[in-house]
Amino acid sequence: MGIIGNIKDTVSQAVFSPSTLLSGRGGLHMAQILLSVVTFLLAAFRGGSSHTYWIYAMFTWAFCPIMTLIITIIEMMKLDGILNTFCLDWSDFTTGMAMSSTLMTVSVAITYANFYTCLKCLYGWIVSIFAFLCAFVYTLEVLKDKFMDKKKGTYLAALPGFWKVMEAFVSCMIFISLTGYRDKPALILCVIAYAIPFPILPLIIATNILKKLKKCLPFNLDRFVFIFLVISVVLYIFAAIVWPIFMFRNNPRPSDCPPSFCIWAIQFMVAFMTYVNLILFTLDLIFTLLGICGFKRT
């Protein structure tokens, strides 16, 4: 009866409360949704592209406002209490989503401006300005949560969870930049090395933020994460050695290689992001091993 009573009490408090939109947080959410939708429509009106960076940009400008809208509706209906009681730490989840959305919108604003703006491309400049405004309002929410509201994250908005988000984000940047590897077996092995940790990262994140699910696992999640990090570090060490050797051997940077449309520069981006993720996984492993900064050690 205790659990059922808690459910009834929480549901009874779930009422429509539009006043949340008048708060600073609600205003930021409305601005995020509006700017993301406008940016999406402007980019779509400009015309489609098969380039992976364009696809990633369109996905970001659709995914981020949808998640913001869902969060806003849940808070307007006062349903966050139910989720907070039975599923996840709502404050941690919302702050973590704001941090993730900031990463995505900032990266998209930079890549879109790099690929689709020029001195005579007025429309590209308009889309880029809205993209940076979109990134700015998501950054404002993170600053508000962390410095004004002093929110303390339990996982996703804390260092252990956010590093997992960073690792997944850098992996995404690697995947959308992959090119020129199909006829080289050694580079295909690097792609496999990138692919092995990637689908496991979202599962680790989801399992940690869903408190009830974590308790039902038949194994120790922290031990599994430690083993996963060891394997990931080994895989990225392999890729960090093999990718530059087999991609850039007898393949110097062309003399006419603008950053926006040069395949060599994109291939170099993969190598750079490989080292970034290797550093992230290594630090994550060290902190987990030492059990510091909230990282758990078994």
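For the structure, check the block above.
Residues numbered from 1 in each chain as written. Predicted model: local features only at pLDDT ≥ 70, side-chain atom pairs only at ≥ 80, totals over all residues. Heavy atoms only, no water.

### Examining the environment of Lys-211
Condition: Secondary structure elements follow DSSP: runs of H or I of four or more residues count as helices, runs of E of two or more count as strands, with numbering from the N terminus. The contact criterion used throughout is that any non-hydrogen atoms of two residues lie within 4.5 Å.
Mapped onto the elements, Lys-211 comes out in helix H10 (residues 211-216). Note: C-alpha distance between Lys-211 and Thr-85 (126 residues apart in sequence) is 9.6 Å. What Lys-211 contacts, discounting residues up to four positions off in sequence, is Asn-84, Cys-87, Leu-88 and Asp-89.

### A short note on empty space enclosed by the protein
Threshold: Space inside and on the surface of the protein is sampled on a 1 Å grid over the protein atoms alone, with a cavity defined as a set of points where a 1.4 Å probe fits but cannot get out and a pocket as an open set with protein on both sides within 12 Å along at least 5 of 7 lines; lining residues have an atom within 4 Å of a point. Grid points are joined across faces, edges and corners, and a volume is the space filled by probe spheres set on the points. For this classification, Asp, Glu, Lys and Arg are treated as charged, while Ala, Val, Leu, Ile, Met, Phe, Trp, Tyr, Cys and Pro are nonpolar and the rest, including Gly, are polar.
Using the criterion set out here, one finds one cavity of 30 Å³ or more in the structure. Considering only enclosed or pocket space, the largest cavity measures out at about 70 Å³ in volume. For the lining of the largest cavity, the secondary structure elements donating two or more residues are helix H2 (24-46), helix H3 (52-76), helix H5 (90-116) and helix H6 (122-148). In terms of residue class, the lining of the largest cavity is made up of six nonpolar, five polar and two charged.

### Digging into the pattern of salt bridges
Short version of the rule: Any Lys or Arg side-chain nitrogen located within 4 Å of an Asp or Glu carboxyl oxygen qualifies as a salt bridge. Classification of residues uses two cut-offs on accessible area relative to the type maximum, computed with a 1.4 Å probe and protein chains only: under 20% is buried, over 50% is exposed, and between them is partly exposed.
Per the counting criterion, the structure on display carries one salt bridge. Close ionic contact of Asp-284 with Lys-164 constitutes a salt bridge, the shortest N to O distance being 2.9 Å. Taken together, the residues span a long stretch of sequence, with Asp-284 in helix H12 (residues 263-290) and Lys-164 in helix H7 (residues 159-177) at a distance of 120 residues. Exposure class is identical for Asp-284 and Lys-164. Each is buried.

### So, H5
Rules: To estimate how far a helix should extend, the number of its residues minus one is multiplied by 1.5 Å.
In this model, H5 (27 residues) spans 37 Å end to end at C-alpha, consistent with the 39 Å of a helix rising 1.5 Å per residue. Taking burial as the measure, the 27 residues of H5 include 23 buried ones, the bulk of the element.

### Considerations on the packing of aromatic side chains
Short version of the rule: Pairs were defined over the aromatic rings of Phe, Tyr and Trp, the Trp ring being its six-membered one, requiring ring centres within 6.5 Å. Orientation was assigned from the angle between planes: stacked under 30 degrees, edge-to-face over 60, tilted for the rest.
All told, the structure shown has 15 aromatic pairs when counted by the stated rule. Consider the rings of Trp-90 and Phe-93, whose centres lie 5.7 Å apart with planes at 35 degrees: the pair is tilted. Remark: Phe-93 and Trp-90 occur in helix H5; sequence separation between them is three residues, near one turn of the helix. Here Phe-93 falls in the buried class, since its relative accessible area comes to 15%. Plain terms: the ring middles of Trp-264 and Phe-268 are 5.8 Å apart, the flat faces sit at 5 degrees to each other, and that makes the pair stacked.

### Describing the packing of H2 against H6
The test is simple: Fitting a line to C-alpha atoms yields each axis, with helices limited to the stretch in contact; the angle taken between N-to-C directions then spans 0 to 180 degrees. When describing relative orientation, an angle under 35 degrees is termed roughly parallel and one over 145 degrees roughly antiparallel, while 65 to 115 degrees is termed roughly perpendicular and anything else oblique. Note on convention: near helix rotated counterclockwise from far helix by under a right angle means a left-handed crossing. Clockwise means right-handed.
It is the contact of H2 with H6, at a shortest axis distance of 9 Å, that shows an interaxial angle of 155 degrees. In terms of their interaxial angle, H2 and H6 are classed as roughly antiparallel. Viewed along their axes, H2 and H6 form a crossing whose handedness is left-handed. Of the residues belonging to the contact of H2 with H6, the class tally is 17 nonpolar, six polar and five charged.

### Quick look at the layout of surface pockets
Using a probe with the size of a water molecule, rolled over the atoms, empty space left in the structure can be pinpointed. Reported here for the largest pocket is a volume of approximately 550 Å³. Of all elements in the fold, only H3, H5, H7 and helix H9 (200-209) reach the threshold of two or more residues within the lining of the largest pocket. Ranked by residue count, the leading element in the lining of the largest pocket is H7, at six residues.

### Structural notes on H2
Counted at 1.5 Å a residue, the expected span for H2 with its 23 residues is 33 Å, and the 33 Å between its end C-alpha atoms agrees. Burial in H2 covers these residues: Arg-25, Gly-26, Leu-28, His-29, Gln-32, Ile-33, Leu-35, Ser-36, Thr-39 and Ala-43. Looking at the buried positions of H2, the neighbouring elements they touch are H3, H5 and H6.

### Section: the nonpolar core
The line we're drawing: Side-chain atoms within 4.5 Å link the members of a nonpolar core, which is a set of buried Ala, Val, Leu, Ile, Met, Phe, Trp, Tyr and Cys residues.
One finds Trp-61, Phe-93, Tyr-112, Ile-174, Leu-178, Tyr-194 and Trp-243 to be the most contacted residues of the largest nonpolar core, which totals 79 residues. Ranked by the residues each element gives to this core, the list is headed by helix H11 (residues 221-248), at 13 residues. Look past the residues within four positions of Tyr-112 in its chain and what remains in contact with it is Ala-43, Arg-46, Trp-54, Ala-57, Trp-61, Thr-117, Gly-124, Val-127 and Ser-128.

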